[in-house]
Amino acid sequence: MLTESQTQQYERDGYFIVTGLFDGGEVRQLREAMIGLLQSFSLSDRCPDVGFDPWRRTDGDDANPNRIVYLNDLHLRHARLNQHMRSEKLAEIFTGLWQADVNAFQAASVIKPNDYNADYLGWHQDTPDYVPLSNDRNGCVITYLDHMGPDTGGTSLVPGTHRSGLPKRIYLPVDGWPEYLKKRTMEGFDEDKATIVAPHFNPGDALVFHSSIYHKANANYSATTKIGLINVYQAVDCVDLTRRNQFKAADLPITRRGQIVAG
Ligand SMILES: O=C(O)CCC(=O)C(=O)O
């Protein structure tokens with residue numbers, strides 16, 4: 001159940017962390033499911049729903065030999081990941097925040113392979129990919145399956161920026177980077193002047209954030225792959241006005257009358 005302080009932090013800062021939301025057994029099952037998937041794809045499977053490390057400079061590890069960095073539609077790829085999207089622990093966070101039933105929006109994973117420079121993913125908001133929505137009751141929870149921090153594949157945020165409007169997204173060339181690789185950022189955003197938080201997450205911790213908060217995926221300079229599960233939800237009264245969301249989780253009912261919908 002949500003605490004008053006978590007609800008207040010979400011309103012004020014646009015995020016909060018639930019430590020130990022999932023226990024060791026749950027993390028093990030989720031990690032096993034993910035590693036099975038990571039090992040099942042090869043580079044020829046590259047498509048918008050299966051992304052690979054664009055640097056192409058280093059070998060992967062046993063868990064992620066082909067250096068997958070993004071996998072979408074997890075609920076259709078593995079029963080345990082479908083169960084995770086429909087877990088009461090995740091649903092209760094958002095039904096509590098919004099005092100409303102929720103639908104799914106996306107069920108994906110952002111994976112940070114060993115020795116992975118994620119700077120190209122850059123500072124961004126998720127909302128620009130989603131609008132027009134009828135309101136802002138759309139949010140994400142990342143479930144960390146590994147120890148993940150500032151240089152080991154965690155997530156950085158700028159508290160309070162969920163109320164800063166939607167600056168234009170831009171892509172900048174970077175000295176020394178290959179021409180095909182640009183750094184995503186936001187017009188007018190100066191990382192050096194921002195108050196950034198870069199938490200350390202333990203396996204089973206969850207980061208809940210408003211889809212408009214400025215955030216970025218951190219590099220992973222450790223020797224092993226780090227996995228985060230991304231689940232995006234929205235309140236039933238948050239309508240995707242142009243049916244822009246093409247993720248296969250779009251509009252799947254997760255709760256009705258406060259109870260999990262079987263699926
Ligand atoms: O992988 C992360 O740490 C952040 C994920 C992210 O940037 C996103 O979901 O938009």
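Residues numbered from 1 in each chain as written. Predicted model: local features only at pLDDT ≥ 70, side-chain atom pairs only at ≥ 80, totals over all residues. Heavy atoms only, no water.

Asker: Could you give an account of the overall build of the chain, with specific residues and numbers?
Answerer: Summing up its helical and strand segments, the chain has 5 helices and 13 strands in all. For 263 residues, the compact-globule estimate of 2.2 N^0.38 gives 18 Å, and the chain sits close to it at 17 Å. Counting over 263 residues, the chain shows a buried share of 53%. Sequence-distant contacts, at least 24 apart, represent 86% of the contacts inside the chain between residues at least 6 apart. Split by element, the accessible area of the chain, about 11900 Å² in all, is 50% carbon and sulfur. Mean positive and mean negative side-chain charge positions of the chain (27 and 33 charges, respectively) differ by 3 Å. (Helix = DSSP H or I, 4+ residues; strand = E, 2+ residues; numbered from the N terminus. Rg over C-alpha atoms; globule rule 2.2 N^0.38 Å. Buried < 20%, exposed > 50% of the residue type's maximum accessible area, 1.4 Å probe, protein only. Contact = heavy atoms within 4.5 Å. Areas by Shrake-Rupley, 256 points an atom, 1.4 Å probe, with all protein chains shown as cover. Lys, Arg positive; Asp, Glu negative; His and termini not counted. Charge placed at Lys NZ, Arg CZ, Asp CG, Glu CD.)

Asker: Give me the lowdown on the packing of aromatic side chains, citing residues and values where you can.
Answerer: Each aromatic ring pair is characterised by the separation of its centres together with the angle its planes make. Under the counting rule described, the total for this entry stands at 10 aromatic pairs. Relative to W98, the ring of F94 has its centre 5.0 Å away and its plane inclined at 35°; by these criteria the two rings are tilted. In this pair, F94 and W98 are both assigned in helix α5 (residues 88-98), 4 residues apart and thus about one turn of the helix distant. When sorted by exposure, F94 lands in the same class as W98, which is buried. Clustering of aromatic rings is evident, with ring pairs tying together F94, W98 and Y233. The ring of Y180 carries R56 above its face, with NZ or CZ at 4.6 Å from the centroid. (Phe/Tyr/Trp six-rings, centres within 6.5 Å; stacked < 30°, edge-to-face > 60°. Lys NZ or Arg CZ within 6 Å of the ring centre and 35° of its normal.)

Asker: An account of the environment of I227 is needed here, citing residue identities and associated values.
Answerer: Mapping I227 onto the fold places it in strand β11 (residues 226-235). Among the residues examined, I227 registers a relative accessible area of 0% and is labelled buried. Considering only alpha carbons, one finds I227 and K112, 115 residues apart in sequence, at a separation of 6.3 Å. With near-sequence residues (within four places) excluded, I227 lies in contact with R31, M34, I35, L38, S109, V110, I111, T143, Y144, L145, D146 and M148.

Asker: Could you give an account of α5, naming the residues involved and the relevant values?
Answerer: For α5, the set of buried residues is L90, A91, I93, F94, T95, L97 and W98. Taken from the residues just after α5, Q99 is the one with a positive phi, measuring 50°.

Asker: Describe helix α1 (residues 4-13), listing the residues and the values that go with them.
Answerer: Those residues of α1 that fall on the buried side of the exposure criterion are Q6, Q9, Y10 and D13. The arc that holds every buried residue of α1, seen down its axis, measures 100°, which confines them to one face. Residues of α1 that are exposed and angled more than 90 degrees away from the buried face: E4 and R12. For α1, the elements touching its buried residues are β1 (15-18), α5, β5 (138-144) and β9 (206-210). (Arc of directions from axis to C-beta.)

Asker: Break down the sheet that holds strand β4 (residues 102-112) for me, with residues and values.
Answerer: The 7 strands lie next to each other as β1-β9-β5-β11-β4-β3-β2, forming an open sheet whose pairing is antiparallel. Lying at the two open borders of the sheet, with one neighbouring strand each, are β1 and β2 (50-52). The mean angle between the axes of side-by-side strands here comes to 15°, regardless of whether they run parallel or antiparallel. Across 10 bridges, β4 lies against β11 in antiparallel orientation. Across the sheet, A108 pairs through a bridge with I230, a residue of β11. In the packing of helix α2 (residues 24-40) onto the sheet, contacts are made with β3 (68-71), β4 and β11, and the angle to β11 comes to roughly 105°. (Pairing = 2+ DSSP bridges. Axes fitted to C-alpha atoms, helices over the stretch in contact; angles between N-to-C directions.)

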